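A look at the structure
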Amino acid sequence: MEQTDLRVSAQPAVRPATPRQRAARAARNGGEPTLEFAERVPYDAYVHASTLHRLQQPLSSDPGEMSFLMVSQIMELYFGLTCHELRETQRLLRADRVWDALAPLRRAALHLEGLNAAWKGLRWMTPADFNRFRNLLGEGSGFQSAMYRHLEFLLGLRDETLIRPFRRQTDVYDELRATLAAPSLWDDVLALLDRHGHHLPADLLGRDVTAEHQPHADVEAAWVRIYAESGPENHLRMLGEALTEVAEQFGDWRQHHVKAVQRTMGAKVGSGGSAGLAWLQRSMARVVFPELWSARTAM
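Residues numbered from 1 in each chain as written. Predicted model: local features only at pLDDT ≥ 70, side-chain atom pairs only at ≥ 80, totals over all residues. Heavy atoms only, no water.

A short note on the packing of helix 7 (residues 146–155) against helix 12 (residues 235–265)
- Orientation of helix 7 relative to helix 12, taken along the N-to-C sense of each, is 140°, at an axis distance of 12 Å. Here helix 7 is positioned oblique relative to helix 12, judged by the angle of their axes. In the crossing of helix 7 with helix 12, the sense of the turn from one axis to the other is left-handed. Residues Tyr148, Leu151, Glu152 and Leu155 of helix 7 form the contact with helix 12, whose own contacting residues are Val246, Phe250, Trp253 and Arg254. (Axes fitted to C-alpha atoms, helices over the stretch in contact; angles between N-to-C directions. Helix = DSSP H or I, 4+ residues; strand = E, 2+ residues; numbered from the N terminus. Parallel < 35°, antiparallel > 145°, perpendicular 65-115°, else oblique. Left-handed = near helix turned anticlockwise from the far one by under 90°. Contact = heavy atoms within 4.5 Å.)

Listed below in structure tokens is the structure:
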């Protein structure tokens, strides 16, 4: 499915009113909402709602295409929001602020929960419904979502070949290369564990981060030790649970994607040229934060 860039031009931030300003405004209006503004409505100046609602440009007259297009755009926004939270988590973990890192990590899990809920907006779509406009998408496919690739790379799912479609979009390509060349969230977690006394091999910590992390017995053993420690101050165990929730919600999204493809096109070849359903099913074998899951067998 084709993805639309929902980024809007930067505007000066609208400063929120202070409690005193809000009280004065309420008194001036007698408790009624303000209905007249000298210029742009403040809500639209902040949210850019009028811009967002002009970004839907269906390719057909089929009324169902709007659902497909807008849900795709909503998912793009959720991809970007989740990436934002994961990058904030990384910044805090690198500063050893583990307690503070829990907040953006938990927000990321909630955003992924919202992302999963977006699939419900497409449950009405049968193959016949999709076929009414699918041919107009050409080679457009969700496989080509750059923001989704950023999300996968941040979670540690790395494959350099997947950024090749963006080579002629130099700004997008350069941003993807930068994310691929930087440590993933899981790489930062492993470095944190090592700094906090759960020593890991130097070759693991110093590996080429552009390659996908492979499960390691020492990492699994570290998590077994962490979960064995009791007490409410076990911040690393709380980190492990927050990471597990993110991994689970992301796994649920991938499963929902498989089900949506099965519902709307069965095992047909994907519009972007991939094997469609078979390709998605194979990709699910790549596990996010693998040692957090395997360690549970030894706990």
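A closer look at a negative patch on the surface
- Residues Glu113, Glu245, Glu248 and Asp252 make up a contiguous surface patch of negative charge.
- For the negative patch, the element with the most residues is helix 12, which contributes 3 residues.
- The residue glutamate 245 is located in helix 12 in this model.
- A relative accessible area of 31% means that glutamate 245 is categorised as partly exposed. (Patch = residues over 30% accessible without salt bridge, like charges linked within 9 Å, V, L, I, M, F, W, Y side chains within 5 Å. Areas by Shrake-Rupley, 256 points an atom, 1.4 Å probe, with all protein chains shown as cover. Salt bridge = Lys/Arg side-chain N within 4 Å of Asp/Glu carboxyl O. Lys, Arg positive; Asp, Glu negative; His and termini not counted. Charge placed at Lys NZ, Arg CZ, Asp CG, Glu CD. Buried < 20%, exposed > 50% of the residue type's maximum accessible area, 1.4 Å probe, protein only.)

Some details on a nonpolar patch on the surface
- Where nonpolar side chains cluster on the molecular surface, the patch consists of Phe37, Val41 and Tyr43 and spans about 320 Å² of accessible area.
- Relative to the assigned elements, phenylalanine 37 resides in the loop between helix 1 (19–29) and helix 2 (42–47).

Comments concerning the nonpolar core
- With 56 residues, the main nonpolar core has Trp186, Trp223, Leu239, Leu243 and Phe289 as its most contacted residues.
- Of all the elements in the fold, those that place two or more residues in this core are helix 4 (65–94), helix 5 (98–118), helix 6 (127–134), helix 7, helix 9 (185–195), helix 11 (217–228) and helix 12.
- With 11 residues, the single largest contributor to this core is helix 12.
- Other than its neighbours up to four places away in sequence, phenylalanine 289 contacts Leu155, Leu185, Trp186, Leu243, Val246 and Ala247.
- With 8 residues, the next largest nonpolar core counts Ala146, Ile163, Val172 and Leu180 among its residues. (Core = buried A, V, L, I, M, F, W, Y, C linked by side-chain atoms within 4.5 Å.)

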